[in-house]
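Listed here are the chains, written in short residue letters.
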Amino acid sequence: MATPVSVVMPVLNEERYLEQSVRRVLDQHYAGRVEVVLAVGPSRDRTLEIARRLAATDRRVRVLPNPTGRTPEALNLAVRASRHPYVVRVDAHGLLPPGYLTEVVRLLEATGAANVGGMMRVEGDNAFGHAVARAMSSPLGIGGSKFHVGGEPGPARTVYLGAFRREALVRLGGFDEHFRRAQDWELNYRLRRAGETVWFTPHLAVTYRPRRTLRALARQFHASGRWRRQIVDHHPETASFRYLAAPVATAGIVLGVLLGLGALVSGWAWLHVGWLAPAGYLAGLLGACLSMGRGLAARSWLWLPVVTATMHLSWGSGFLRNIRR
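Quick notes on the rules
- Residues numbered from 1 in each chain as written.
- Predicted model: local features only at pLDDT ≥ 70, side-chain atom pairs only at ≥ 80, totals over all residues.
- Heavy atoms only, no water.
- Phe/Tyr/Trp six-rings, centres within 6.5 Å; stacked < 30°, edge-to-face > 60°.
- Helix = DSSP H or I, 4+ residues; strand = E, 2+ residues; numbered from the N terminus.
- Buried < 20%, exposed > 50% of the residue type's maximum accessible area, 1.4 Å probe, protein only.
- Lys NZ or Arg CZ within 6 Å of the ring centre and 35° of its normal.
- Axes fitted to C-alpha atoms, helices over the stretch in contact; angles between N-to-C directions.
- Left-handed = near helix turned anticlockwise from the far one by under 90°.
- Contact = heavy atoms within 4.5 Å.
- Nonpolar A, V, L, I, M, F, W, Y, C, P; charged D, E, K, R; others polar.
- Salt bridge = Lys/Arg side-chain N within 4 Å of Asp/Glu carboxyl O.
- Pairing = 2+ DSSP bridges.
- Expected span 1.5 Å × (residues − 1).
- Core = buried A, V, L, I, M, F, W, Y, C linked by side-chain atoms within 4.5 Å.
- Arc of directions from axis to C-beta.
- Parallel < 35°, antiparallel > 145°, perpendicular 65-115°, else oblique.

Peer 1: Would you take a moment to explain the packing of aromatic side chains for this structure?
Peer 2: Any pair of aromatic rings gets described here by the distance separating the centres and the angle formed by the planes. Under the criterion given, the structure shown has five aromatic pairs. Residues Phe-164 and Phe-175 carry aromatic rings whose centres are separated by 6.1 Å and whose planes lie at 80 degrees to one another, so their mutual orientation is edge-to-face. Pair noted here: Phe-164 is in strand E8 (residues 160-165) and Phe-175 is in the loop between helix H8 (166-171) and helix H9 (183-193), with a separation of 11 residues, a long-range link. Of the residues examined, Phe-175 reaches a relative accessible area of 4% and is grouped as buried. Looking at Arg-192, its charged tip hangs above the ring of Trp-185, at a distance of 5.9 Å from the centre.

Peer 1: Would you mind showing me how to read the packing of helix H10 (residues 214-234) against helix H13 (residues 298-320) here?
Peer 2: A pair of packed helices is characterised by two quantities: the angle between their axes and the separation of those axes. Across the interface, H10 lies against H13 with an axial gap of 6 Å and an inter-helix angle of 35 degrees. In this structure, the crossing between H10 and H13 has a hand that is right-handed. Facing H10, whose interface residues are Leu-214, Leu-217, Ala-218, Phe-221, His-222, Ser-224, Gly-225, Arg-226, Arg-228, Arg-229 and Val-232, H13 presents Trp-303, Val-306, Val-307, Thr-310, Met-311, Ser-314, Trp-315, Ser-317, Gly-318, Phe-319 and Leu-320. Along the lines of polarity and charge, the residues of the contact of H10 with H13 split into 12 nonpolar, seven polar and three charged.

Peer 1: Teacher, can you tell me more about the pattern of salt bridges here?
Peer 2: Where charged atoms from two side chains of opposite charge come close, those side chains can pair. The final tally for this structure, using the stated rule, is 16 salt bridges. Arg-171 serves as the salt-bridge partner of Glu-167, at 2.6 Å between the closest nitrogen and oxygen. Of this pair, Glu-167 and Arg-171 are both found in helix H8, four residues apart, which corresponds to roughly one turn of the helix. Between Glu-186 and Arg-190 there is a salt bridge, and its shortest N-O distance comes to 3.0 Å.

Peer 1: What exactly am I supposed to notice about the pairing of strand E4 (residues 86-89) here?
Peer 2: Side chains Tyr-86 and Val-88 project from E4 onto one buried face, and the interleaved Val-87 and Arg-89 project onto a second face that is buried too. Relative to E4, strand E1 (residues 5-11) runs parallel, the two being bridged by four bridges. Looking across to E4, one finds that Val-7 is bridged to Val-88. Judged from the three bridges that link them, E4 and E8 form a sheet pairing that is antiparallel. Paired with Val-88 across the two strands is Ala-163, which belongs to E8.

Peer 1: In this structure, what is going on with helix H11 (residues 241-266)? I would like to understand it.
Peer 2: What sets the pattern is the α-helix's 3.6 residues per turn: residues three or four places apart point alike. In this model H11 runs 36 Å from its N-terminal to its C-terminal C-alpha over 26 residues, within 8% of the 38 Å that 1.5 Å per residue would give. The complete set of buried residues in H11 reads Tyr-243, Ala-246, Pro-247, Thr-250, Ile-253, Gly-256, Gly-260 and Ala-263. Taken together, the buried residues of H11 touch H9, H10, helix H12 (276-292) and H13. Phi for Gly-267, located one or two positions after H11, is positive at around 85 degrees.

Peer 1: Help me out: how do you make sense of unusual backbone geometry in this one?
Peer 2: Backbone phi values are negative for most residues with the exception of glycine, while trans is the configuration of most peptide bonds. Backbone geometry places Asn-13, a non-glycine residue, at a positive phi of 55 degrees. In this fold, Asn-13 is placed in the loop between E1 and helix H1 (18-26). Of note, the phi angle at His-29 is positive, near 60 degrees, even though the residue is not glycine. By the secondary structure assignment, His-29 is in the loop between H1 and strand E2 (34-40).

Peer 1: For this particular structure, what's the right way to read the nonpolar core?
Peer 2: Soluble globular proteins: nonpolar side chains tend toward being buried together. By size, the foremost hydrophobic cluster in this structure holds 88 residues, and its most contacted members are Val-7, Met-9, Leu-18, Leu-38, Val-88 and Leu-101. Non-local contacts of Val-7, meaning those with residues more than four positions away in its chain, are made with Val-25, Val-34, Glu-35, Val-36, Val-37, Val-88, Val-90 and Leu-101.

Peer 1: Explanation requested: the environment of Val-254 in the structure shown.
Peer 2: Mapped onto the elements, Val-254 comes out in helix H11. On the basis of relative accessibility, which here comes to 44%, the residue Val-254 falls in the partly exposed class.

Peer 1: How should I be thinking about helix H2 (residues 47-57) in this particular structure?
Peer 2: Here H2 has its buried residues at Thr-47, Ile-50, Ala-51 and Leu-54. The arc enclosing the buried residues of H2, seen along the axis, measures out at 100 degrees, which places them on a common side. Across H2 from its buried face, at more than 90 degrees, point the exposed residues Arg-52 and Ala-56. Contact partners of the buried residues in H2: E1, H1, E2 and strand E3 (61-65).

Peer 1: In this structure, what is going on with the pairing of strand E6 (residues 115-122)? I would like to understand it.
Peer 2: Residues in a regular strand project their side chains so that they alternate between the two faces of the sheet. In terms of burial, E6 is largely enclosed, as seven of its eight residues are buried. Bridge count for E6 against E8 is three bridges, and the pairing is antiparallel. By the bridge assignment, Val-116 is partnered in E8 with Ala-163. One ladder, built from seven bridges, connects E6 with strand E9 (residues 198-208); its direction is parallel. If you follow Met-120 over to E9, its bridge partner there is Val-206.

Peer 1: Mind showing me how you'd approach the packing of H11 against H13 here?
Peer 2: Running from N to C, H11 and H13 cross one another at 95 degrees; their axes reach a closest spacing of 8 Å. It follows that H11 is roughly perpendicular to H13 by the angle criterion. Contact with H11, carried on its side by Tyr-243, Leu-244, Ala-246, Pro-247, Thr-250, Ala-251 and Ile-253, involves His-312, Leu-313, Trp-315, Gly-316, Ser-317, Phe-319 and Leu-320 of H13 and no other residues of that element. Along the lines of polarity and charge, the residues of the contact of H11 with H13 split into 10 nonpolar, four polar and no charged.

See the structure below:
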């Protein structure tokens, strides 16, 4: 028998994908015992009904209430309620590939790492989603993290989702519940600072379903930028060019537009130099999309500059805002 595994899943408003996600876990054919703990927040759809039905039909599934609906609280509740030595995080809109549990356990035992994970394989189901998937899988769209664009197996700053040794996870206090977003990155940072290893493997890729509307995408990236700012504020040594590029570009574009508008109002012609900032960004964006969009269908290619700019500027504007701890 392989080492038993606990799968923990934060769940909120996941009617569309929850059952498929849980079935992918239950159909893993793992050689050891598996439990699935669903921490369900106050959803506005049929999520809770689906979760209870899954628990009623398979004794490996348990449902817990998560009154706040927030991800870090859900994860901590599920971890505390779970029982097994290895804890695997799965999101309710993520789809595990066959053999995932077997492979992450093998790597945990072979490498001695505290956390093992792979890549996020973004898959849209319409023209908009395909454009988002392409942008989120390219360093030109979302940055160069290994779990987005791939890389050699080995120690990494962070991984997508993750399979943890319970002992290390509990010793470090679990997920910091202040960080409503990026709590996985922050936990991995604390693991590495404590001398533990976070291990990346590119051949494990979990399917991720992106947001389905431009407004939802903008809200997602704006919130991600705000909470990444919190991590930089809390751990200043983690600041890097990759995290500062989007807010610097956003601030430059806004300043340029204000200067350009000031030229129209005041008549001071030299202020028109401000238009160089948004024009330069637009030219660079379209040039990047020509390379990034190869092979996309026409409708998806037309969406690509729009979704990429939305990611950059929403993330950047979010980063420029502050959140009181």
